[in-house]
Amino acid sequence: MPKPSLLICAALLAAVPLPATAAEFVVTPTVVAEMKAVFGQVESRTVVPARARIGGTIRSIRVSEGSEVNEGDVIATVVDDKIALERQAADAQLKALQSQLQNAQKDYDRIQKLLTQGIATQSSLDALRTQLDVITNHVVAAQASKAVVEQRAREGETLAPATGRVLTVPMTPGSVIMAGEEVARIATGPYYLRLSLPERHASEIKEGDTVLVGERSLTRSLSSAPSQARQGTIAKVYPEIDNGRVIADVEVADVGDYFVNERTLVSIPVGKRSVLLVPPQAVKTLHGVDYVRISGAQGEIDVAVILGEAIEIGDGPRIEILSGLRDGDKVVLP
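In this text the structure is predicted, and so the values were computed from the model without any measurement. (Residues numbered from 1 in each chain as written. Predicted model: local features only at pLDDT ≥ 70, side-chain atom pairs only at ≥ 80, totals over all residues. Heavy atoms only, no water.)

K.L.:
Which parts of the structure should I look at to understand the overall build of the protein?
P.N.:
The helix and strand inventory of the protein stands at three helices and 20 strands. When each of the 334 residues of the protein is scored for burial, the buried share is 31%. Within the protein, residue pairs in contact and separated by at least 24 positions form 73% of the contacts whose partners lie at least 6 positions apart. (Helix = DSSP H or I, 4+ residues; strand = E, 2+ residues; numbered from the N terminus. Buried < 20%, exposed > 50% of the residue type's maximum accessible area, 1.4 Å probe, protein only. Contact = heavy atoms within 4.5 Å.)

Okay, structure coming up:
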């Protein structure tokens, strides 16, 4: 029968886990997009001017640069002193015609009563009826003229032609303005990024390519961490080359809070290249030198490598190896 001490040692050995076999990663060439950093400028698809509908003096301006406005909001008020005088003249003319209409109606009623008594003639009644119709039409015309004057007075309010952000307000209260002059410029969106690329990239970019849009320099404070780059899509590549530059538009979400004409960094694909990639955990740094452990016929050895950029692919994050590894090497993962 085995001794108790031997049984205890056997139990301890059985409880100790055996070392796990290290995983291996086979290095193979991977084709990735060659990215180029350029500056994109935020622009609005449409910029609508808000124009004065009448000439006069600007009494007040209710918006400033950066204000959010809705379609139909009052932006400024233009006053023309001549409109008040024209309104008074229209009122006086309408009152005079209404008085003439009342007298003509009384004369017509009187002649009609006398005609029933056989005192007046039918021709007199027809003449008064014609006069009454003429004065009635004059009253209608005067009312229409007064409505035109009142409409001109209401047009002194300059309205926002669309919903958006006010870019510029070139006028100030007290300025004299003519009908049709610009009171404010409103960016209605949608917003996009306009890229200007060298001519040599004209054949390499195409609609639908994915780009990376960098963070805004104004949105990061000193205490906050940098935000991740956002993805955008090349929506349009213009066929005309201007001064050796090809123009492209990029659509990206949440670009509406940018300043119009603000510039931001954009990385665009301008080609493809074959690289060797390894998982980040395969790289270890010792005394400032990067190493990758590979498995060969003579066992495992550490190989010094030169690292490139970090690349995100479908299998996860990878690190580019510029030198030190070859196609087919088996990398030992910790």
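K.L.:
Just to check I follow, could you spell out the layout of surface pockets for this structure?
P.N.:
In this approach, a probe sized like a water molecule rolls over the atoms, and the result shows the empty space that is left. Approximately 560 Å³ is the volume found for the largest pocket. Elements with a minimum of two residues in the lining of the largest pocket: β2 (29–44), β12 (210–213), β15 (263–278) and β18 (299–313). Counting residues per element, the lining of the largest pocket draws most heavily on β18, at five residues. (1 Å grid on protein atoms, 1.4 Å probe; cavity = no way out; pocket = protein on both sides within 12 Å on 5 of 7 lines; lining within 4 Å. Points joined across faces, edges and corners; volume = space filled by probe spheres on them.)

K.L.:
Quick question: what am I supposed to make of the sheet that holds strand β8 (residues 164–168) here?
P.N.:
Strand order in the open sheet made by the four strands is β3-β10-β8-β5, with antiparallel pairing throughout. A single partner strand is all that each edge strand has here, and the edge strands are β3 (47–51) and β5 (68–69). Taken together, the three bridges between β8 and strand β10 (residues 182–187) define a ladder with antiparallel strand orientation. Across the sheet, the residue bridging to arginine 165 is alanine 187, located in β10. (Pairing = 2+ DSSP bridges.)

K.L.:
What is the right way to read helix α3 (residues 122–154) from this model?
P.N.:
Within an α-helix, residues lying three or four positions from one another point in the same direction, as the helix has 3.6 residues per turn. An ideal rise of 1.5 Å per residue puts 48 Å on 33 residues; α3 measures up with 48 Å between its terminal C-alpha atoms. Turning to α3, its buried residues are Leu125, Leu128, Leu132, Ile135, Val139, Ala142 and Val149. The inward-facing, buried residues of α3 contact α2 (81–116). (Expected span 1.5 Å × (residues − 1).)

K.L.:
Would you mind showing me how to read the environment of glutamate 68 here?
P.N.:
Tracing the backbone through its elements, the reader meets glutamate 68 in strand β5. On the accessibility criterion, glutamate 68 (60% relative accessible area) is exposed. In this structure the C-alpha to C-alpha distance between glutamate 68 and valine 166, which are 98 residues apart in sequence, comes to 6.5 Å. Non-local contacts of glutamate 68, meaning those with residues more than four positions away in its chain, are made with Gly164 and Arg165.

K.L.:
Would you take a moment to explain the environment of lysine 82 for this structure?
P.N.:
Inspection of the secondary structure puts lysine 82 in helix α2. At a separation of 3.0 Å, a polar atom in the side chain of lysine 82 contacts the side chain of aspartate 80. (Polar contact = N/O pair within 3.5 Å; in protein donor to acceptor, adjacent residues only side chain to side chain.)

K.L.:
Quick question: what am I supposed to make of the packing of α2 against α3 here?
P.N.:
The packing of two helices is summarised by the inter-axis angle and the distance between the axes. Across the interface, α2 lies against α3 with an axial gap of 8 Å and an inter-helix angle of 160 degrees. Taken together, the axes of α2 and α3 lie roughly antiparallel to each other. The two elements α2 and α3 meet at a crossing, and its hand is left-handed. Classifying every residue of the contact of α2 with α3 gives 17 nonpolar, nine polar and eight charged. (Axes fitted to C-alpha atoms, helices over the stretch in contact; angles between N-to-C directions. Parallel < 35°, antiparallel > 145°, perpendicular 65-115°, else oblique. Left-handed = near helix turned anticlockwise from the far one by under 90°. Nonpolar A, V, L, I, M, F, W, Y, C, P; charged D, E, K, R; others polar.)

K.L.:
Help me understand unusual backbone geometry, please; the structure alone is not making it clear to me.
P.N.:
Note: most residues except glycine have negative phi, and most peptide bonds are trans. We note that asparagine 243 has phi near 55 degrees; this positive angle belongs to a residue other than glycine. Note that asparagine 243 resides in the loop between β13 (230–242) and β14 (245–252). Non-glycine residue histidine 287 carries a positive phi angle of around 55 degrees. With respect to the helices, strands and loops of the structure, histidine 287 is situated in the loop between β16 (283–286) and β17 (289–296).

K.L.:
So what exactly am I meant to see when it comes to the sheet that holds strand β6 (residues 74–79) here?
P.N.:
Sheet strands line up and pair through hydrogen bonds in the backbone, either parallel or antiparallel. Read from one edge to the other, the open sheet built from four strands follows the order β7-β6-β4-β9, with strand pairing classed as antiparallel. Looking at which strands have only one partner, the edges of the open sheet turn out to be β7 (157–159) and β9 (176–177). Across three bridges, β6 lies against β7 in antiparallel orientation. Paired with threonine 77 across the bridge in β7 is glutamate 157.

K.L.:
Is there a simple way to explain the packing of aromatic side chains in this structure?
P.N.:
How two aromatic rings sit relative to each other is given by the distance of their centres and the angle of their planes. Counting across every chain of the model gives zero aromatic pairs. Note that arginine 45 overlies the ring of tyrosine 192, its terminal NZ or CZ placed 4.0 Å from the centroid. Here the basic side chain of arginine 263 rests over the ring of phenylalanine 39, its NZ or CZ set 4.6 Å away from the ring centre. (Phe/Tyr/Trp six-rings, centres within 6.5 Å; stacked < 30°, edge-to-face > 60°. Lys NZ or Arg CZ within 6 Å of the ring centre and 35° of its normal.)

K.L.:
Whenever I open this one, the environment of threonine 30 confuses me. Can you help?
P.N.:
You can see threonine 30 is positioned in strand β2. For threonine 30, a relative accessible area of 25% puts it in the partly exposed group. Spatially, the C-alpha atom of threonine 30 lies 5.3 Å from that of valine 275, the residues being 245 residues apart in sequence. Beyond its immediate stretch of four places on either side in the chain, threonine 30 contacts Arg273, Ser274, Val275 and Leu277.

K.L.:
So what exactly am I meant to see when it comes to the pattern of salt bridges here?
P.N.:
Note on pairing: side chains with opposite charge can pair once their charged atoms come close. All told, the structure shown has 14 salt bridges when counted by the stated rule. Aspartate 249 is paired through a salt bridge with arginine 45; the nearest N and O atoms lie 3.3 Å apart. Of this pair, aspartate 249 sits in strand β14 while arginine 45 sits in the loop between β2 and β3, and the two are 204 residues apart along the sequence. Using a relative accessible area of 0% as the deciding quantity, one classes aspartate 249 as buried. In this structure, arginine 110 and aspartate 107 form a salt bridge, with 2.9 Å as the shortest nitrogen-oxygen distance. Taken together, the residues arginine 110 and aspartate 107, both in helix α2 and three residues apart, mark about one turn of the helix. On the accessibility criterion, arginine 110 (48% relative accessible area) is partly exposed. Overlapping salt bridges bring together Glu34, Arg273, Glu309 and Glu320 as one network. (Salt bridge = Lys/Arg side-chain N within 4 Å of Asp/Glu carboxyl O.)

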